[in-house]
Amino acid sequence: MSTATQPPTVKPWPPDLADIVRRTINPLQKRITGPNAHSSGPHRATVAALRNAVGQTPDRAPLAWGYVTEQVIPEFPSSWIGREDPTPQEWAAFTALTFWALHQQSQDRPMHRAFEGDERYKNFGFSIGHLTKRAEGSSIKGRFDALLVARNGAAQLHHLRGLVQLLRSHEIPVDYGQLARDLASVRFGDHRKVALRWGRGFARAI
């Protein structure tokens, strides 16, 4: 008795933190910047809760963390989900979403944009390079250098906040999916690799 040959099992691509964060931000961003933005009160309230959590840990920002647990974490594989403290992926998604909300404040144009092209360059450093060109004579390069060498999590968030506020004032977007991926890498101990990528991005943009 013959048996039918079974097709080989195709393993799915591993989950991509950057894509998950992009898929979370995109619809929310459209609702607060599109033609129906005037009727998006609940969505604006969500963005305000995320914005108010900038620089906070998830346990100190229950509204923002609640949104992340409802909209982002269900897409995570079980190995990315913590039992008590947030995993690097959870923390990175939470942090990226809160900084996007800060960046988007009072902006009609989308401040999250998934750059196409070589991801070695299209990262947070790439956006800061454009900022440096647009705001000549400022101390942006020094602030960026301080971020690159910061090893303490609180110091990194402090420098990120200042730079994101400058990006907002000049309406320069950031790929917040890529930022989430890089922040998770930093939490896993790859600070040097992330700094190199951001440095390449900065150099490519100026």
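Okay, so let's go over this structure.

What counts as what
- Residues numbered from 1 in each chain as written.
- Predicted model: local features only at pLDDT ≥ 70, side-chain atom pairs only at ≥ 80, totals over all residues.
- Heavy atoms only, no water.
- Phe/Tyr/Trp six-rings, centres within 6.5 Å; stacked < 30°, edge-to-face > 60°.
- Helix = DSSP H or I, 4+ residues; strand = E, 2+ residues; numbered from the N terminus.
- Buried < 20%, exposed > 50% of the residue type's maximum accessible area, 1.4 Å probe, protein only.
- Contact = heavy atoms within 4.5 Å.
- Polar contact = N/O pair within 3.5 Å; in protein donor to acceptor, adjacent residues only side chain to side chain.
- 1 Å grid on protein atoms, 1.4 Å probe; cavity = no way out; pocket = protein on both sides within 12 Å on 5 of 7 lines; lining within 4 Å.
- Points joined across faces, edges and corners; volume = space filled by probe spheres on them.
- Nonpolar A, V, L, I, M, F, W, Y, C, P; charged D, E, K, R; others polar.

Here we take up the packing of aromatic side chains. When we look at a pair of aromatic rings, we describe it by the centre distance and by the angle of the planes. Tallied over the full model, the rule gives five aromatic pairs. With 6.1 Å between their ring centres and 70° between their planes, Trp 65 and Phe 94 make a pair best called edge-to-face. On the criterion of sequence distance, the pair formed by Trp 65 in helix α3 (residues 62-71) and Phe 94 in helix α4 (residues 88-104) is long-range, its members being 29 residues apart. Given the relative accessible area of 0%, Phe 94 is considered buried.

Let us look at helix α5 (residues 124-134). Buried within α5 are the following residues: Phe 124, Gly 125, Phe 126, Ser 127, Ile 128, Gly 129 and Leu 131. For α5, the elements touching its buried residues are α6 (140-149), α7 (153-169), α8 (176-187) and α9 (191-205). The N-cap of α5, judged by a side-chain oxygen 3.0 Å from the amide nitrogen of Gly 125 a few residues on, is Asn 123.

Taken as a whole and assessed by the stated rule, the structure comprises one cavity of 30 Å³ or more. Reported here for the largest cavity is a volume of approximately 110 Å³. Considering the residues around the largest cavity, the lining is formed by Trp 91, Leu 147, Leu 148, Gln 156, Leu 160, Leu 183, Val 186, His 191, Val 194, Ala 195 and Trp 198. Secondary structure elements with two or more residues in the lining of the largest cavity: α6, α7, α8 and α9. In terms of residues, the lining of the largest cavity owes the most to one element, α9, which gives four residues. Classifying every residue of the lining of the largest cavity by side-chain character gives nine nonpolar, two polar and no charged.

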